[in-house]
Amino acid sequence: MREQLTVKEAEFRRAEETVMQEQQRVLEMKQQEAERVQAKEEELAHTQQQLNEKEDQLKSSEALVANLQHQLQQAKILAPYIIKASGPGLVSATVNQAAHILVELSDYSGRPYSLHQNITATLEHVYEATPTSSKRWLWSKKPHGNNVVVVTASPFQYDVTYTAAKQGKHTLRVKVDNKDIDNSPFDVMVYAHPSQLGQPKKVVAGLSTPYGITFNKQEEMIVSEMVSHRISVFDRRGQKVRVFGSRGDAPHQMKYPRGLAIDDADNIYVTSEHRLQKFTTGGELLKCIGQRGKKEGEFDDPRGVTVRNNNVYVCDCDNHRIQVFSINLNFIRSIGSRGNGVGEFDAPDGLKFDTDGNMYVTESGNERVQVLDSTGKFLREFGREGKGKLGSPSGLHIADKYVYVCDHGDDRIVVYEASGHFVTSFGKRGVKEGELYEPRCITSCANGFISVCDFTNNRVQIF
């Protein structure tokens, strides 16, 4: 009897444990279900919040669209047409040579619009201090004589022709019915004719193999001193105001800096031994990329560098290609390969863009200037024959309709039209002012003066 009771008690305990386990499982299932419900509720609340935010954004966008539509209607009431000005004369010109812009009118659907109102244009010269002055003056004065002419090309097109009598900054103002058109007045830089560049207006001496040169918005001159492994900055008087860089392999250091470029934020781009560096205008390092090699973002003796449309273009000289980077120095693409055919390079040294977006590249190996369009398609080449035959081209600069090329092999600056037609040259080997010894880089400053890195003479000459 007692054994039967013991068995019954054991069965009861097992049943009791089973019931407790089942109760625990049910509780856990309820807890899990509660957690799932809570998660769903939170997800639903988050989704509802996103919907509310989207509705707010939609309302804001609808209000913006309504405001823009109202502005458009007001614009149509005030002026039932759109005015577009185009042409190289909006940017630059040459002293005593006619420059042109085209003013076109259309309605808001893009169809030509005939105007019976008065269109006028005026040109003003902004006088500034010369490179030899310690002070800076700015004032405007209308030049003497009738130097701006507006001609009706068609009922909706007007040709504006002007001739500037002085070198330097100008403003071109275009008005319709006595009101400035969009973006008027236009800032125009007027350059001296290349035939007038023989003797420098100023010489900045005491440098150490100056290779690259550029100017910032403060009109400071920035020069790379190659064998001193540094970047030097000069004020308008030619006085050195700061220096950055030293020889070494650390990211902020450099070896044999060459090419220089500057972006819209006045950041400075430097090509040095197998590297590309980005500095603030004060000389603080922002980024450094590159090492010796042939892969994307690697270099072998990089030379010229330029910035256009927030892209950085680098002449990767001994890799015989142009590398393109974003403004943050991320690789985008490569242009060209070694050769002497169209679209090929042999030791590209300098590059610049014209106002149409065409790229001009000097090649010291092929002894030519090659012109490619914005997609990299070959357009033309020049510099291989006649008076404009190049010995060993390096840096180049485009000022108005002229292309200036440093021919460091023949110690001169050779000037061409954009078509490649030879215009003139100046300089010869020597140490006197106006003479050159292996010029390496050329650019223009805020006054339109042409500045040349006279490499072996250890100076910059400003013409």
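Residues numbered from 1 in each chain as written. Predicted model: local features only at pLDDT ≥ 70, side-chain atom pairs only at ≥ 80, totals over all residues. Heavy atoms only, no water.

Looking at an unreviewed UniProt entry, the chain carries the name E3 ubiquitin-protein ligase TRIM71, with the source organism given as Geodia barretti.

Attention shifts here to the confidence of the model for the chain. With 91% of its residues at a pLDDT of 70 or more, the chain shows a mean pLDDT of 88. Counted against residues more than four places away or in other chains, residues 132-146, with its pLDDT under 50, gives 31 contacts. (pLDDT = per-residue confidence, 0-100. Contact = heavy atoms within 4.5 Å.)

Within the UniProt annotation, "repeat: NHL" (unreviewed entry) is assigned to residues 241-282, 286-328 and 332-375. With 0% helix and 40% strand, residues 241-282 has its two end C-alpha atoms placed 10 Å apart. (UniProt positions renumbered as here; feature names shortened; annotations may be inferred. Helix = DSSP H or I, 4+ residues; strand = E, 2+ residues; numbered from the N terminus.)

Counting residues in hydrophobic clusters, the biggest one holds 24 residues, and the most contacted among them are Ile83, Ile101, Val103, Leu105, Tyr162, Leu172 and Val174. Secondary-structure elements contributing two or more residues to this core are strand S3 (98-106), strand S4 (119-127), strand S7 (157-163), strand S8 (168-176) and strand S10 (186-191). Look past the residues within four positions of Val103 in its chain and what remains in contact with it is Ile83, Lys84, Ala85, Phe156, Gln157, Tyr158, Val160 and Val174. (Core = buried A, V, L, I, M, F, W, Y, C linked by side-chain atoms within 4.5 Å. Buried < 20%, exposed > 50% of the residue type's maximum accessible area, 1.4 Å probe, protein only.)

Strand order in the open sheet formed by four strands is S24-S25-S26-S27, and the pairing between neighbours is antiparallel. At either end of the open sheet lies a strand with only one pairing partner, and these are strand S24 (348-353) and strand S27 (378-382). Going across the sheet, the axis of each strand differs from the next one's by a mean of 20°, ignoring polarity. (Pairing = 2+ DSSP bridges. Axes fitted to C-alpha atoms, helices over the stretch in contact; angles between N-to-C directions.)

Turning our eyes to something else, we now look at the sheet that holds strand S22 (residues 321-326). One open sheet accounts for four strands, arranged S20-S21-S22-S23; its pairing is antiparallel. One side of each edge strand has no neighbouring strand; the edge strands of this open sheet are strand S20 (302-308) and strand S23 (331-335). The sheet shows a mean angle of 20° between the axes of neighbouring strands, taken without regard to direction. Pairing between S22 and S23: four bridges, direction antiparallel. Counterpart to Phe325 in the pairing with S23 is Phe331.

Turning next to the packing of aromatic side chains. For the structure shown, the criterion picks out eight aromatic pairs. Between Phe244 and Phe279, the aromatic rings sit 4.9 Å apart at their centres with planes inclined by 50°, giving tilted as the arrangement. Of this pair, Phe244 sits in strand S15 (residues 240-244) while Phe279 sits in strand S18 (residues 275-279); the two residues are 35 residues apart in sequence, bridging distant segments of the chain. With a relative accessible area of 1%, Phe279 lands in the buried category. Site record: aromatic cluster; members linked through ring pairs are Phe299, Phe325 and Phe331. (Phe/Tyr/Trp six-rings, centres within 6.5 Å; stacked < 30°, edge-to-face > 60°.)

The next point concerns the pattern of salt bridges. All told, the structure shown has 21 salt bridges when counted by the stated rule. One salt bridge connects Arg321 with Asp316, and the closest N-O pair in it is separated by 2.8 Å. No difference in accessibility class separates Arg321 from Asp316, as the two residues are buried. Taken together, the salt bridges that share partners define one network made up of Arg258, Asp301, Arg303 and Asp349. (Salt bridge = Lys/Arg side-chain N within 4 Å of Asp/Glu carboxyl O.)

Relative to the elements of secondary structure, Arg236 occurs in the loop between strand S14 (230-234) and S15. Remark: the alpha-carbon pair of Arg236 and Asp56, spanning 180 residues in sequence, is separated by 53 Å.

Turning our attention to the side chain of His125. Along the chain, the position of His125 falls in strand S4. Within the structure, His125 has its side chain in polar contact with the backbone oxygen of Gln167 (distance 3.1 Å). (Polar contact = N/O pair within 3.5 Å; in protein donor to acceptor, adjacent residues only side chain to side chain.)

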